[in-house]
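Overview (structure and organization)
As a plain string of letters, each chain reads:
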Amino acid sequence: MSAVLLNVLIGLVTSVLSGGAVLTWRRVRDTRIIRRKAAFFGLRPGRTCLIVLNDHYDKPGSTSHNDVHTLIEIAALAHEASCPISVLPAGGLHESNGDRTEFCIGGPTSNPRTAGHLAVHLPGVSVRSFSAGRDPGIIIVGSAQFPFEHGRLEHALIAKFTPANSSAPVIVICGQRSIDNRAAINFLQREYRSLSRSVGSPDRFCLVVRMISSDTYGHQSAEVAADVTGAAFAARRAPSAATAVP
């Protein structure tokens, strides 16, 4: 074999080995990323991801466009973690989540499951109905208020906890509008690494995220407004003590 052919052969072998090493490294890296993300959301391969989907706010039995996107993002996340998916409509679940990781989408008006979770596990949280005469849609957590200004300033509450009789967590996504639900799950997927370090415990937390000018910037404008873990899981304070959060 000539020196030229030998050099070509060595070059080809080196390229193949290098390419294989890169692919292997990428697979290992991607596997680590998937495992870390799955761990943050409480997803385990083979364990069911349960999605409780809310109703459209004025059309019971139907779902808004943005909440369908929220469902798709969660389903993609579960598929990535090798979890089977089960979707139930609002009001269709009357039992513990058990060993299923539950994502509960929507506020207490559009999803009675959310209302139940707030009452039992998040007593420091209240969400005012949009039919209320004063401050409709406002989220109150302890002494903090998170107002609703349609398309200008909106909020979503995100809580993760594991019920006493369950072995898997519940993640509540409670937005003031459907676009806020979508923004919340998009934010979690985008920021899960920093959140896993910044929250007191990735197994139990409650955050409020805000969306500024969602009519202009859509669902990708979410940012942390406050970590309200302590107040959310504590008994509710008197409404007169509330103070606004800008």
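Refer to the preceding data block for the structure.
A short tour of the structure in this document, coming up. Values in this document were obtained by computation on a predicted structure and should not be read as measured data. Just so you know, the residues in each chain are numbered from 1, in the order the chain's sequence is written. Only residues with pLDDT of at least 70 are given local features in this predicted model, and only at 80 or more are side-chain atom pairs given and counted; all residues enter the totals for whole chains, interfaces and linings. The side-chain values count all of the structure's non-hydrogen atoms but skip hydrogen atoms and water molecules.

1. Overview of the pairing of strand β8 (residues 170–175)
In plain terms, the rule: Residue exposure (1.4 Å probe, protein chains only): buried if accessible area is under 20% of the type maximum, exposed if over 50%, otherwise partly exposed. Numbering goes from the N terminus for both helices and strands, where a helix is a DSSP run of H or I of at least four residues and a strand is a run of E of at least two. When DSSP finds at least two bridges between two strands, those strands are taken to pair.
By the criterion of burial, β8 is predominantly enclosed, with six of the six residues buried. Summarising the sheet, strand β3 (residues 101–105) and β8 pair through four bridges and their orientation is parallel. Along β8, the bridge assignment pairs cysteine 104 with valine 172. In the sheet, strand β7 (residues 153–161) pairs with β8 via six bridges, with the strands oriented antiparallel.

2. Regarding the side chain of glutamine 189
Using the following cut-off: When checking whether two residues touch, look at their non-hydrogen atoms; a contact exists if any pair is within 4.5 Å.
The residue glutamine 189 is located in helix α4 (residues 178–198) in this model. In this structure glutamine 189 comes out as buried when scored by relative accessible area, which is 18%. Not counting the four nearest positions on each side in its chain, glutamine 189 is found in contact with Lys37, Phe41, Glu73 and Leu77.

3. Examining a positive patch on the surface
Heads up, the rule is: Exposure above 30% relative accessible area and the lack of any salt bridge qualify a residue for a patch; like charges then connect within 9 Å, and the nonpolar side chains Val, Leu, Ile, Met, Phe, Trp and Tyr within 5 Å. Residue burial considers only the protein chains on display, and all accessible areas are found by Shrake-Rupley using a 1.4 Å probe. Only one rule defines a salt bridge in this text: a Lys or Arg side-chain nitrogen within 4 Å of an Asp or Glu carboxyl oxygen. None of His or the chain ends enter the tally, which takes Lys and Arg as positive and Asp and Glu as negative. Throughout, a charge is located at the NZ atom of Lys, the CZ atom of Arg, the CG atom of Asp or the CD atom of Glu.
A contiguous patch of positive charge, built from Arg32, Arg35, Arg36, Arg193 and Arg197, is present on the exposed surface. At the level of secondary structure, the elements contributing two or more residues to the positive patch comprise α1 (3–41) and α4. When residues in the positive patch are grouped by element, the largest group, three residues, is from α1. For arginine 35, the location among the structural elements is in helix α1.

4. Let's talk about the environment of glycine 218
By secondary structure assignment, the location of glycine 218 is in the loop between α5 (214–217) and β10 (222–227). Spatially, the C-alpha atom of glycine 218 lies 7.5 Å from that of isoleucine 179, the residues being 39 residues apart in sequence. Among residues more than four places away in sequence, those in contact with glycine 218 are Ile179 and Ser213.

5. Examining the side chain of histidine 117
Among the structural elements, histidine 117 can be located in helix α3 (residues 112–121). Filtering out sequence-adjacent residues up to four positions away, histidine 117 remains in contact with Glu102, Cys104, Leu122, Phe161, Val170 and Val172.

6. Let's talk about the nonpolar core
Using the following cut-off: We define the nonpolar core as a collection of buried residues of types Ala, Val, Leu, Ile, Met, Phe, Trp, Tyr and Cys that are connected through side-chain atoms lying within 4.5 Å of one another.
Core analysis: the biggest nonpolar cluster contains 32 residues, and Phe41, Leu43, Cys49, Ile74 and Phe103 have the highest contact counts within it. For this core, the secondary structure elements donating two or more residues are α1, β1 (49–53), α2 (65–80), β3, β7, β8, α4 and β9 (205–212). Ranked by the residues each element gives to this core, the list is headed by α4, at seven residues. For phenylalanine 41, the contacting residues outside a window of four places in its chain are Leu77, Thr101, Phe103, Lys160, Pro169, Ile171, Ile185, Leu188, Gln189 and Tyr192.

7. Some points on the packing of aromatic side chains
Convention followed: A pair of Phe, Tyr and Trp rings is counted when the ring centres sit within 6.5 Å of each other, with Trp represented by its six-membered ring. The angle between the planes then sorts it: under 30 degrees is stacked, over 60 is edge-to-face, the rest tilted. Throughout this description, the term charge over a ring refers to an Arg CZ or Lys NZ atom that lies within 6 Å of the ring centre and within 35 degrees of the ring normal.
Within the structure shown, the criterion is met by five aromatic pairs. Taken together, a centroid distance of 5.2 Å and an interplanar angle of 90° make the contact between phenylalanine 40 and phenylalanine 41 edge-to-face. An identical accessibility class is assigned to phenylalanine 40 and phenylalanine 41; each is buried. Ring centres of phenylalanine 41 and phenylalanine 103 lie 6.1 Å apart, and the angle between their planes is 35°; on these two criteria the pair is classed as tilted. Placement of the pair is phenylalanine 41 in helix α1 and phenylalanine 103 in strand β3, with a sequence separation of 62 residues. Overall, the relative accessible area of 0% leaves phenylalanine 41 in the buried class. Aromatic rings pair up to connect Phe40, Phe41, Phe103, Tyr192 and Phe205 into one cluster. In this structure, lysine 160 packs its charged tip against the face of phenylalanine 40, placed 5.7 Å from the ring centre.

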